[in-house]
Amino acid sequence: MENPWLKNLIGSCSSVVKEKDVLTVYQIRTELIHKDEDNKIQVMAIGPVNEDPIKSVLLLGQTGAGKTTVINGMINHLFRVNLEDNFRLQLKDHVKRDDLLPVESRTEYITAYIVYYQTGMPLKCNYMLIDTPGLVANREVHNQVSIKRLAIFLGNKYNIDNLNCVALVAKANENGILTYQSQMLEEFTSVLGSNISNITQLLATFASDDTCAVANVARHAQVQFVNVYQLDNWPLYVLLTDNASQKETPKFLQNRWDKMQAEYSRFFEELLNSTSVSLQQTRNLLQEYRLLEETKTALKLTVKRTAVLIDTINYQKKLLSKTADETKKITCTKIEMNPQKEKSSVIEGFHAHNCEICQKTCINFCEDPTNIAAALAGTGTGVGTAAFTGVGGAVSAGALLGAEVGIFGGPVGLAIGGGIGTVVGLTAGLTVGLLKRKTSTRCPISSRGICKSDGCSHDLAHHKVEKEKYVVFEIPEERIDNNQKLRYDDLKSQIKELETKIMINKMAVHDLENELTSGAIALVERTHKINELSMRSKAFCPLSLIDEMILGERENSQVCCSFKDVEECNNIDV
């Protein structure tokens, strides 16, 4: 170890990671600049800080491709560790979990190592080496989380404004890229701007010979990159393995070491001369992604609200129809017969017996005493009585009449007057007799006792003889059924309320239709902007995003609606 600065570096290392007779691995001490525990992001510094520009390298790749080993190889190269040195350098392993499976990523954090230039380094330059969690087969959730972390990292200014290299790390002998690898790699690179394709490099690891099948596979998968670097990191730690052969070390190991160092030298020299790409476009792209997600979220919510409102309107329409039918069946009025009384004249020669208490006629037709027709129908006794009464009363009357006549005087005048008186008296007596005959038949009104006619139970004293009788009749009257009227009014109130709600909901649906239109336009604009900024091989399709959103709503909610469904629902006649 001839370099003093390297001795100082070794002296400042915090610990020995692994040690064997011929080789010791030291862990370089790093200074924590920033740490986001929630998003598993950290930025570490190596060496004294200076103000020189920083060349940034972002490493992406599948789990097991060797990204962390590549970074350790770069560190050993930058600090000019030689094969004959009895030590190697290594960065701290920031994995805190012991339960990881072999196929799982050993890198849990996105860690950016800023390696500041120190005297003795091969190139006067600062570097930021960004290690990322690896892509994992059949672990889509893990991959999506890693992509999200990368987006957060690139979207914030963690001492990085420019990017000089996107290093795609893959095994050199990889002769096939599975669909998920291509898709996940595209997802990773999709958070980078389209201008990143000019600085993308392919680092082929485990390149023990000149075969590099992965380059052709990557091209076939339409992965864009500029150069291929075949990195064989085996010589770094081979002396630590139990099966390392000392016999093959001198020449064989030196050749592989030199080849490894030559590739790293070429990589860093080209990196030094590379044109940096501003991350502003990447941040603009990430901003568009965020806006797209917000637009999708708002659009899904609007679709759901529209579907709910349309369902509500349809339900309210059915309820309105049912309520209207119930209203038609209700009769609020009914016809009742109202009994009325009034007096009506009886026929000539008769009278009526009216009860003053009942206010009704107990006897409708009772013969009047002056009724001649009734008198002539009297008995002989009655006539005799009348004649006797008339003769008895005729003497004075006849005499007086005869005297008045004055034709005859004396006994003759008396005889003649008596005859006349007899005739007159007979007539008067007959009349009086007839009257006495009616009295003898006795009108019930002159009796005493209880009237039992037509259900009357009052005393006859309370009855009157009148020339009019009571007539009872019924007049139909329309009466309101209060219970039915209350029910009717309640249903009419419900109808009015439902009509108001339907109108308000229709207005709300109309407003939501405008929101849907605005949201759809924003969705299209966002996807077009992302397609302009992104390095995706396949463009975003707004319609596919809409279908994806609707499919997700159908799976996660009972209420779902597509734009077609909304349009059909909006054409419902109300």
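Our subject is the structure listed above.
Everything in this summary refers to the structure shown in the same document.

Looking at the secondary structure, you find Ser15 in strand E1 (residues 15–19). The exposure class of Ser15 is partly exposed, given its relative accessible area of 31%. Sequence separation of Ser15 and Gln27 is 12 residues, and the distance between their C-alpha atoms is 5.8 Å. If near-sequence neighbours (up to four positions away) are discounted, Ser15 is found in contact with Val25, Tyr26 and Gln27.

Counted by the stated rule, this structure contains 6 aromatic pairs. Here Trp234 and Phe252 contribute two aromatic rings whose centre-to-centre distance is 6.0 Å and whose plane-to-plane angle is 65°, an arrangement assigned as edge-to-face. Note that Trp234 is positioned in helix H6 (residues 234–237) and Phe252 in helix H7 (residues 249–272), a separation of 18 residues in sequence. With 5.3 Å between their ring centres and 80° between their planes, Phe267 and Phe268 make a pair best called edge-to-face. In terms of burial, Phe267 and Phe268 fall into one category: buried. Three or more aromatic residues joined by ring pairs make a cluster, and in this case those are Tyr127, Tyr229, Phe267 and Phe268. Cation over ring: Lys171 sits above Phe206, and NZ or CZ is 5.7 Å from the ring centre.

Right, let's talk about the sheet that holds strand E6 (residues 87–90) for a bit. Taken together, the 3 strands give an open sheet; going across it, the order is E1-E2-E6, and neighbouring strands pair in mixed fashion. Each end of this open sheet is capped by a strand with a single partner; those strands are E1 and E6. On average, adjacent strands in this sheet sit at an angle of 30° to one another, irrespective of strand direction. Pairing between E1 and strand E2 (residues 24–27): 4 bridges, direction antiparallel. Its bridge partner being in E2, Ser15 is matched across the sheet by Gln27.

The next subject is the sheet that holds strand E12 (residues 228–231). Two strands in a sheet stick together by hydrogen bonds in their backbones, pointing the same way (parallel) or opposite ways (antiparallel). Strand order in the open sheet formed by 8 strands is E3-E4-E7-E8-E5-E10-E11-E12, and the pairing between neighbours is mixed. Unpaired on one side and paired on the other, strand E3 (31–36) and E12 mark the two borders of the sheet. In this sheet, adjacent strand axes meet at a mean angle of 20° when their direction is disregarded. Packing of helix H2 (residues 67–78) onto the sheet brings it into contact with strand E4 (41–46), strand E5 (54–61), strand E7 (110–115), strand E8 (126–131), strand E10 (165–171), strand E11 (200–205) and E12, and relative to E8 it is tilted by some 165°. Sitting on the sheet, helix H5 (residues 213–220) is in contact with E10, E11 and E12, with an inclination near 140° to E11.

A separate point is the side chain of Thr24. Here Thr24 shows up in strand E2. Residue classification places Thr24 among the buried residues on the basis of a relative accessible area of 9%.

Next up on the list: the side chain of Lys40. Within the secondary structure layout, Lys40 lies in the loop between E3 and E4. Discounting residues that sit within four places of it in the chain, Lys40 has contacts with Glu108, Tyr109, Ile110 and Arg149.

Interaxial distance between helix H8 (residues 280–328) and helix H13 (residues 482–533) falls to 7 Å at its minimum, and their mutual angle equals 160°. When the axis of H8 is compared with that of H13, the two are roughly antiparallel. The two elements H8 and H13 cross, and the hand of that crossing is left-handed. Broken down by class, the residue content of the contact of H8 with H13 amounts to 26 nonpolar, 13 polar and 13 charged.

Applying the stated criterion across every chain, the model contains 17 salt bridges. A salt bridge links Asp232 to Arg256; its shortest N-O distance comes to 2.7 Å. With Asp232 in the loop between E12 and H6 and Arg256 in helix H7, the pair connects residues that are 24 residues apart, well separated along the chain. Accessibility classification places Asp232 together with Arg256 in one group, the buried group. In this structure, Lys485 and Asp489 form a salt bridge, with 2.8 Å as the shortest nitrogen-oxygen distance. One end of the pair, Lys485, and the other, Asp489, are both in helix H13, 4 residues apart, so they sit about a helical turn from each other. Owing to a relative accessible area of 33%, Asp489 belongs among the partly exposed residues under this scheme.

In terms of nonpolar packing, the biggest core is built from 48 residues, with Ile75, Phe79, Leu89, Leu203, Phe267 and Phe268 touching the most fellow members. Take this core: its biggest share by element is 7 residues, from H7. Those residues within four positions of Leu89 in sequence are excluded, and the remaining contacts are Leu9, Ile10, Tyr26, Ile28, Asn72, Ile75, Asn76, Phe79, Val81 and Tyr237. Ile147, Tyr158, Ala170 and Leu202 belong to the second-largest nonpolar core, a separate cluster that totals 39 residues.

What counts as what
Residues numbered from 1 in each chain as written. Predicted model: local features only at pLDDT ≥ 70, side-chain atom pairs only at ≥ 80, totals over all residues. Heavy atoms only, no water. Helix = DSSP H or I, 4+ residues; strand = E, 2+ residues; numbered from the N terminus. Buried < 20%, exposed > 50% of the residue type's maximum accessible area, 1.4 Å probe, protein only. Contact = heavy atoms within 4.5 Å. Phe/Tyr/Trp six-rings, centres within 6.5 Å; stacked < 30°, edge-to-face > 60°. Lys NZ or Arg CZ within 6 Å of the ring centre and 35° of its normal. Pairing = 2+ DSSP bridges. Axes fitted to C-alpha atoms, helices over the stretch in contact; angles between N-to-C directions. Parallel < 35°, antiparallel > 145°, perpendicular 65-115°, else oblique. Left-handed = near helix turned anticlockwise from the far one by under 90°. Nonpolar A, V, L, I, M, F, W, Y, C, P; charged D, E, K, R; others polar. Salt bridge = Lys/Arg side-chain N within 4 Å of Asp/Glu carboxyl O. Core = buried A, V, L, I, M, F, W, Y, C linked by side-chain atoms within 4.5 Å.

Limitation: the analysis is restricted to geometry and does not speak to function.
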